[in-house]
Structures are given as C-alpha cells and as structure tokens.
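# Structural description and commentary
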Amino acid sequence: MYDLYSFSKDIVDLILWIVCGILRTVLNINSFCDWLESDNVVGVLVYIIQAVVIFAAIFIVCLTMIWQERKTLGRIMDRRATQVGPLGYFQNLADGMKTMVKEIIIPDSADRMAYDWAVTIVIGTGVLLAGMVPLSDRFFLADYGTGLLIIFAIFSLAPFAILIAGWAQNNKYTLIGGMRACAQMISYEVPMLMILVATVLLAGSLNINDIVAAQQDSTWFFIPQILGLFTFLVAAVAEAERIPFDLPEAEAELVEGWQTEYGGMRWGLIMLGDYFRGYVAASLGVIMFFGGWDGPYLPPEIWFLIKVFIIFFGMIWVRGSLHRIRTDQILNIGWKRLLPLAILNLLVVVTLKVWGVY
Amino acid sequence: MISMEEGKKDFIAAPTEEQIVQNVLAKFPDLVNHRATKTRRVYFKADIDVLFSLCKYMRDEMNFVHCSCVSGVDWETHLGTVYHISNYETGIMVEISVDIPYDKPEVDSVTPLWNGANFHEREAAELFGIVFNGHPDPRKLLLIEEYDFYPFRKSFKPAEVR
Amino acid sequence: MAEMTVFLGPQHPFGHGLWTIKATLDGEVITDADPIIGYLHRGWEKECESRLFPQIIPMSSRLCYGSSLTWEHLYAKTAEELLGVEVPERAKYLRVIAIELCRIQSHLMWLAALGTDLGNLTVFLYAMRERELLLDLMVKLCGQRMTTNYPRIGGVRNDAPENYERDVLRVLKHLETKHKEQIDLNDNSSIFLSRMQDIGVVSKAEACNMGLVGPSMRASGVDFDVRRDDPYEVYDQFDYEVPVRKEGDAYARYSVRIEEMYQSAEIIRQAFKQMPEGPYRVKVPRAAPVGSHVARVEDPRGESLMWIVGDGGRTPYRLKVRSPNFVTLSLTKKLLLGYRLADLPAIMGSIDVCMGETDR
C-alpha cells in the first residue's frame, strides 16, 4: 500500500530526476549522477526524507499538545490562557522565539562535558522515542520486530542522564532534584513493563502493527486489562513528571529541580523533550489499550491523534486538580500499590488466555 | 488548664488583679513597686537584681505562661527593659519595667523561662547595646555584622531631612 | 552519609517574603534549621520617634500589607490610650467590620499561598478570585485596596458609603456557598491530607512557652483569643465561636484558619445589625501626656502588641511593635527538625509568614 516509504521514495526520485537531469545535460557529469542514483544512496536519502517528515509531524503534534494543555489548564483555573493567534495557537511560537534570544548563563564551576552531554541524551532520547511511535500502519519510520520493548528500553535511559545532569550543574538543589527524579522514574518503569508483558500475551507479538491488528480482530484491550489501564495511566503520569508526581521539579522547594541551571534554548528543548515523553506515554496507552489507529470513516492517523489528545486531556485534568505528592509517598505508591496491581492484571490476562477467551 | 507546674502549693491558675498585686508585694517587699492597675492590666517596676526571680515566681506560681514582649528603651539617663507577660486563663497582662545603668548595661535573660523572649532579647541587645546574661544564642538578628553602633539609642540621630 | 547545608532563600518561591533558612540535610531529612531574618529591617520604630501622631497611621499599615487594617487599628488604639480619647460607638462598629473583612481577606491570601506551596495552582487562583471581591469592598469603604489608611485616632476616616451593608452581605453569602465548594478541593483530597497531617507538630505546653500565637496556637489546643478573653472595641457584644483543635499539626492549623473565616462572617453580620447612628470621629489633643501605655489586638496571624511612651511632646518617645510572626519564626528549628525537605513548604505554609511585620 502507499505508505510513507513510497511517498518519500517518490519525493527522492523527483529531486534526483531534476538534479541529475541538470547535471547530465548541462554539465555532462555522468559518474557522479550514476552514483547518486544507485540503490544505496537512494535508500539513505529516502530515510532522511522520511525522518524529516515524521519529525515535522510529531513536532507540530507536540506544539498542539502544549497549546491544548495551556488552554485547558487556563479554563480549569477560571482564566483565559494563551492569546496570541487564533484561539491562542501561536503562543508557543512566540515563546519559542523568546526562548531563542535569551542569554545563556552557564555556572562557572559546572562540569561542562557532563552538563552538555547529559542534557543532550535526555532531549535526544525523547525525540528518538517520538519518532519511533507509528501513527498508523502506513505512517512510520521503520517496522521493527522488537516493537514496544525497545521503546520502553529507550524510555529508561533518561533517568541516568537526569542524575548526571543534576550533579553536573554544581548546585545542591539540582542534585536533590536529580536524585528524586531518578528514583521516581526507575520505580515507575517496573509496573509499566509488567503491563507490557500482559499486552504481549494477549496480542501474541511485540510488534506494534500486530498488537493493533489483534485489537481490531477482537475487542480493544482495555476491556480485559481494566486494572492495567488504570495502573498504566498512573505510571505514565509519573514517568512524564507531571503534577501530582512532579516533586523532582517542585517549584516550592527546588525552584526548577534538575533543570535549574539550564537557560535559554537548552531549557526550551528540555521542556519540549518533556512533552515528547508525555506524547510517547499517551500514545503507548492508546496502542496498548484503545486499539491504536482503529476507527471508522476517518483516516487512521487522525483517529490515533484524536485518541492521544483525549488521553492527554485526562492527564491535564489531573494536573489542574491535585496537589503534589511527597517523594517517599510517590515511591510507596509505585512499589507497594502499582506493582501488585500490575501483577494482578497479568494474572487476569493469563486466566483469560488459558480459558480461550482471547 | 494551661499551667506549667500543676500541683505546687500556692499555685493560682487564674489570679485576679488584686491577688497578683498582693502576692507579688508580699513576696518581694522592697524591690518591686506597684505603679497602677487597670482592667486586666497590672504595672510593676522592679529592681534589676530581682527580675529573674520575679519572672520565675510569676510563671510558676501565677500561671503566666506567655511572654508577649520584651522591649528595650533609652530613657536618656539610663537604659531600661520592659516585659509584658500574659496569663491565658484570665487575659490579664502584667508589665514589668526595669532600669539598667549605662555603665553596666547587663540584665538577666528570661529566655530560660519563656522561649518566646528569645528573638526579642536578641533584637534589644543589638539595637540598644544591652547584654542579656544567660541568653542561649546572642547573635545579631536584624542588623548586619559590621554595625558597631546602637541605632535605637537616643544619641544616634538618623539623617536629617533636607 | 555526609550532611549538606542548603540555603533556602532569600529569593525563594516558598518563602512568602524575604528570609533565609539555613538547613542542614542528611539526605532528605532536616537535622538543623536556622532562620536568618532582617533583610527588610527599616528601623520603623526609630522613624516613628520623629513623626507626629497622625503621621504614623499610614506607616503602620505598611507593616504588613495583607493585614494592614489590623496594624492601623492597633496603633490608633494605642495612641488613643495615651492621649486619653474615647471613641464613639458607631466608629467602633465600623472598625470591627473593617477589621473582620481584612481578616477574611488575609486568610484567603494565605490559602492561595498554601496552594502554590503544595503544587496546586487552581486553589491559588480560586482563592485570589474570591479575594478580589473583598478588595472591592475595601475600595468602597476606605478608598484603597490594601494599605487602607482608614482608622484615625479618635474614630475612622469616613462613614460607610450607601448600600454598603447590602454589598457586604452579598459577598459574605457568596463566600459561604460557592467558596465552600472550592475549599473541598483541599479537604477531600487524600493527597492534601497525607501531606499536611502529622507534620510540624507542636504540643500545647510548647506553644505557650515558645510564643506561638494566634490560629497556630489554637490548633495546638490552647483556647485563648484576644477578641474574646481580653476584649477591645465592641467584641464582647457578639456571639461567635473560636475554633480550637487538639492535634497541633499543619492540617489543624489549616482547619482553624478556614473556620475562622466563617466566624468572621458571623461577626460582620451581627455588627451590621447592632450598629447605631451617631458621629464617627472625635477631636483629639495634639500633645501627649507623659506616661506609657500598651494595647494588644488579634491580628490574623496572632496576638499583636504595641507599647507607646509619651513625653509631653507631639511625637512619641518610644513605640515598640511586637509582631506575632517575629516570635513564630524563632520556632523554625523546633517545627522543622526531623521532617523531610519536602515537608518544609507544607509546614511553613501553614504558619502564614509575613516578613514586613517581622523585620519592621
């Protein structure tokens, strides 16, 4: 079928036809054009175009998510939020431009290499994850067999980088914030992985396409995994470091937590990376529980995005209503409440599978 | 009942103004002067040596559990401190005024009795130059370390308005 | 594990003012807390010695802008005792109404700050929205939102404007019905309860001895309120309750203040019913007799006291201010010892810090 790969290949063919046509007829350079039109080079160019298209799409989706969050949060608090542009949509562009021209202040005694590289890893893994989540069975970057497992693996690279970033800024607040963030993220990945195991059991494969196809054949997976849905949403909010789980970033004591000393565009990219991770968490929820891109009439990408926005709306609603939970209480909830629930969920799924219901 | 030492003999939990005046003058005959009495207010003037025992007596025997305020004053011929202590059962407030000579500006601290006087005495020490003997933490509180004068004494004139 | 010293302040989102806590941490547990204050010291008491008696009234409202009417009233009362002035009845009732409105408004601002400390910005905006209604009432009565400059020595500045009773009663009704739903955002949230209960416990004996006053003291079980037990103005004519709790933790301090808001509304209603007609101000002598006088009132934060000495001239010889927060901050170490760093905003938020009156 006509998917993103074919679309990119068409674009690359068009570009090469124009460029090589000019080079061959006008300048008579034949060997360079032969090399350009060889399979390897065309393959690389196709992947580059694919990546750019996916990144642009995800970037716009994330900007829309930020706008959705600010507007909804504003209305919950009885105020009008963003005002720039139609319905306030261009506020993020205005903020992005402001962040770009800000002065970057770096503490003198910060460990420069760790300071730069740690934050690069945090932002980079966020963008990488966002690119690895397909929007439908024809809009994806690569169809890889390990599927969800590798997404969770890359998700869990961030805590290490945050810990190092918190230490590298030479600031006691960031050190405390980094340690808290690391502890919180590590303890909330374990329930998420248990729920992934249950989903894989139901679908029979790790591959995302297969999981969605399995849900299209039977019911959406939130019906047998109702416990898992609830647990996963709580764990996703904790992984994305949003209120009520945002003690690592708690303004009241730690000013900005582990990001305090990052200024200007570095901070802007960290914020964006945060929303990329939130997008990935919400889209994993959609893929595992709500049928991915399954839906009538509208194109599957639109269905996927609608479901992601609905789940994200739930996360925003929670942010607007609740207080922050304390670190030791967060860890208690993660280990003593969510992990048993996740295992219970696995038990339910195994029972259903043995009885032949799924 | 908010008393510190219940069960001691002579302990009155809710003394009236007359009882306070009588008992204090009986216990400290020459060293405490009774200046005035109003509704829920009694005014004493005490000698500098008897201050600590008077305050201890008021706290232990008369149930004055709360020290509201300790102020320093510069009377131009001598310094002074004024103590306001309250009884929570009757709402009576007692004022004790003490004169301190300029050449030996020392007085006993009442912080061991009421911890509420802690910050007040630190402030009076740095603003007037009064030394409180027995204060557990005599650091400067509101002023910076480099100030070596006492701003609230009458000899210190603030800048004139031009 | 090695101990870490962290300076929380002077610019810090939790601080509600300009002060530093020098905290020594062992991991997350606080092992020592030393408050450093004095950043806002303006030498207020020394300044007053060169001002005429009426000139000090606007100065006293700047001691704490949140509860400015209480401080102006306290100073006016102290000066009236010194100058020997008797205030007419109508002025007393007007003062009581203004002070209780100020108390409700100050508690709402405290609630908003507590919301931000614990991470809930919705509570912050809801409390501030209700506070705007009360500030509008202040503008109608006094002409200013916060530093009101309304009491005068010998009465008040002006009479209540027309329809004032109707407006005030409308706002109080709104507060008691709609705002009560929004307080439930806190009370029904188990996150809020788990963060505020059993935190920063102060026992009854410690509260008395160490000088904790006001709603924080009443949350530890001490049943003393200056309005009821040492009455001034016309507070002995009203029928109201003084909320007292026994636990002494942060949640008890929170509940006491919330309940006090509704009791203040009660007092205002009764004051409007009982207020007589008559003059609202009397003439006052310019020079003070020799002598010293003391007066105390119930500030939203506790018991405030002013001691004034007159020397026969037109300026006071000495004016000493005792602010409740000054003494409460000396309890910082006792309140924080043994709790975690994450508990610090909850504890300090429940104490209601205001630095203007602490440093003077």
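Residues numbered from 1 in each chain as written. Chains lettered and ligands numbered in written order. Predicted model: local features only at pLDDT ≥ 70, side-chain atom pairs only at ≥ 80, totals over all residues. Heavy atoms only, no water.

## Describing the overall build of chain C
Going by this rule: Numbering goes from the N terminus for both helices and strands, where a helix is a DSSP run of H or I of at least four residues and a strand is a run of E of at least two. In what follows, residue pairs with any heavy atoms lying within 4.5 Å of each other are defined as contacts. Each accessible area value is a Shrake-Rupley result obtained with a 1.4 Å probe; residue values ignore everything except the protein chains displayed when judging cover. In this tally, Lys and Arg are treated as positive and Asp and Glu as negative; His is ignored, and so are the chain termini. Where a charge lies is defined by one atom per residue type: Lys uses NZ, Arg uses CZ, Asp uses CG and Glu uses CD.
Along the backbone of chain C there are 15 helices and 8 strands. Along the first, second and third principal axes, the C-alpha set of chain C runs to 70 × 45 × 35 Å. Long-range contacts, defined here as pairs at least 24 residues apart, represent 72% of the contacts in chain C between residues at least 6 apart. A total accessible area of about 11800 Å² is found for chain C, and carbon and sulfur atoms account for 50% of it. The centroid of the 45 positive side-chain charges in chain C is displaced by 5 Å from the centroid of its 50 negative side-chain charges.

## Quick look at helix α1 (residues 4-27) of chain A
Residue and element names in this part refer to chain A. Note the threshold: The length a helix should cover is 1.5 Å for every residue beyond the first. For every residue, the accessible area obtained with a 1.4 Å probe (protein chains only) is divided by the maximum for its type, and the residue is called buried under 20%, exposed over 50%, and partly exposed between those limits.
The terminal C-alpha atoms of α1 lie 33 Å apart, and with 24 residues this matches the ideal 34 Å at 1.5 Å per residue to within 8%. Here α1 has its buried residues at L4, S8, V12, L16, C20 and L23. Buried residues along α1 sit against α2 (30-36) and α3 (39-76). One or two positions beyond α1, positive phi appears at N28, with a value near 65°.

## Structural notes on the interface of chain C and chain B
Heads up, the rule is: The quantity reported as buried area is the accessible area (1.4 Å probe) lost by two parts once they are put together, taken as the sum for both. When a carboxyl oxygen of Asp or Glu is within 4 Å of a side-chain nitrogen of Lys or Arg, the pair counts as a salt bridge. Counted as a polar contact is a pair of N or O atoms within 3.5 Å, where, for protein atoms, one must be capable of donating a hydrogen and the other of accepting one, and residues adjacent in sequence contribute only when both atoms are in side chains.
With 40 residues of chain C at the interface, the matching set in chain B holds 49 residues. A combined buried area of about 3700 Å² lies between chain C and chain B, and 57% of that area is made up of carbon and sulfur atoms. Three residues, C:K46, C:N209 and C:Y317, lead the burial of chain C against chain B; their summed loss comes to 18% of the area buried on that side. At the junction of chain C and chain B, the tally comes to 6 salt bridges. The shortest N-O distance in the salt bridge between B:E123 and C:K320 comes to 3.6 Å. Our enumeration of links across chain C and chain B arrives at 22 residue pairs in polar contact (both at pLDDT 80 or more). Put simply, the parts of the chain that give the side of chain C that touches chain B at least two residues each are β3 (29-36), α1 (44-48), α8 (204-210), β6 (290-299), β7 (302-311), β8 (318-322) and α12 (324-328) of chain C.

## Comments concerning unusual backbone geometry
Both trends apply: most residues other than glycine have a negative phi, and most peptide bonds are in trans. Its identity as a non-glycine residue notwithstanding, A:D78 has a phi of 65°, on the positive side. Here C:N149, not a glycine, exhibits a phi torsion of approximately 55°, which is positive. You can see C:N149 is positioned in the loop between α5 (121-142) and β4 (151-152). You can call C:N149 partly exposed: its relative accessible area is 22%.

## Details of the pattern of salt bridges
Side chains carrying opposite charge are able to pair once their charged atoms draw close together. This structure, assessed with the given rule, holds 51 salt bridges over all chains. Between B:E123 and C:R360 there is a salt bridge, and its shortest N-O distance comes to 2.9 Å. Of this pair, B:E123 sits in helix α3 (residues 118-128) while C:R360 sits in the segment after α15 (355-359), each in a different chain. In this structure, a network of salt bridges that share partners links the residues B:R40, B:R41, C:D230, C:R296 and C:E303.

## Points about a nonpolar patch on the surface
Residues and elements named next belong to chain A. The test is simple: Like-charged residues are merged into a patch within 9 Å and nonpolar side chains (Val, Leu, Ile, Met, Phe, Trp, Tyr) within 5 Å, provided each residue has over 30% relative accessible area and no salt bridge.
Among the surface-exposed residues, L14, I15, W17, I18, V19, I22, V26, L27, I29, F32 and W35 lie close enough to one another that they form a single nonpolar patch of about 1100 Å² accessible area. Of all the secondary structure elements, the ones that give two or more residues to the nonpolar patch are α1 and α2. Per-element accounting of the nonpolar patch gives the leading share, 8 residues, to α1. In this structure, V19 sits in helix α1.

## A closer look at the interface of chain A and chain C
In this assembly, 27 residues from chain A lie in contact with 34 residues from chain C. Approximately 2500 Å² of surface area, both sides summed, lies buried where chain A meets chain C, with 58% of it carried by carbon and sulfur atoms. Our count for the contact surface shared by chain A and chain C stands at 3 salt bridges. A:D78 is paired through a salt bridge with C:R129; the nearest N and O atoms lie 2.3 Å apart.

## Quick word on the environment of C:T20
Residue and element names in this part refer to chain C. Take T20: it is sitting in strand β2 (residues 20-26). C-alpha of T20 to C-alpha of V168: the two residues are 148 residues apart in sequence and 39 Å apart in space. With sequence-adjacent residues up to four places away left out, T20 is seen in contact with F7, L8, G9, P10, D34, P35, I36 and Y39. A distance of 2.7 Å separates polar atoms of two side chains, one belonging to T20 and the other to Y39.

## A few points about the pairing of β7(C)
Residue and element names in this part refer to chain C. Test applied: A pair of strands is treated as paired once DSSP finds two or more bridges between them.
A large share of β7 lies buried, amounting to 9 of its 10 residues. Inspection of the sheet shows β6 paired to β7 by 10 bridges, in the antiparallel sense. Bridge pairing in β7 links R296 to L305. Count of turn residues in the β6/β7 antiparallel hairpin: 2 residues. Count of turn residues in the β7/β8 antiparallel hairpin: 6 residues, of which G312 carries a positive phi of about 95°.

## Side note on the sheet that holds β2(C)
Residues and elements named next belong to chain C. Put simply, the rule reads: Axis lines are fitted to C-alpha atoms, over the contacting stretch for helices. Their N-to-C directions set the angle, which ranges from 0 to 180 degrees.
Read from one edge of the open sheet, 3 strands run β1-β2-β3, paired in antiparallel fashion. With partners counted over all chains shown, the strands left at the sheet margins are β1 (4-8) and β3, one partner each. This sheet shows a mean twist of 20° between the axes of neighbouring strands, independent of strand direction. Pairing geometry for β2 and β3, over 7 bridges, is antiparallel. Following the sheet pairing, L25 is matched in β3 by I30.

## Here we look at the confidence of the model for chain C
Here is the rule: Per-residue confidence from the predictor is reported as pLDDT, which spans 0 to 100.
Considering every residue of chain C, the mean pLDDT works out to 87; 99% of them sit at 70 or more. Overall fold confidence (pTM) sits at 0.88, and the ipTM for the predicted complex is 0.85.

## Observations regarding the state of the cysteines
Residues and elements named next belong to chain B. Here is the rule: Note that a disulfide, as used here, is simply two cysteine sulfur atoms within 2.5 Å.
This model, assessed by the stated rule, comprises 0 disulfides over all chains. With no disulfide of its own, C69 lies closest to C67 among cysteine sulfurs, the gap being 7.5 Å. By relative accessible area, which is 0% here, C69 ends up buried.

## Comments concerning the sheet that holds strand β3 (residues 66-74) of chain B
All names here are of chain B. Strand order in this open sheet of 5 strands is β1-β2-β5-β4-β3, and the pairing throughout is mixed. Strand pairing shows two members of the sheet lacking a second neighbour, β1 (32-38) and β3, which therefore form its edges. Here the strands of the sheet are splayed against their neighbours by 15° on average, with no regard to which way each runs. Inspection of the sheet shows strand β4 (residues 79-86) paired to strand β5 (residues 93-100) by 8 bridges, in the antiparallel sense.

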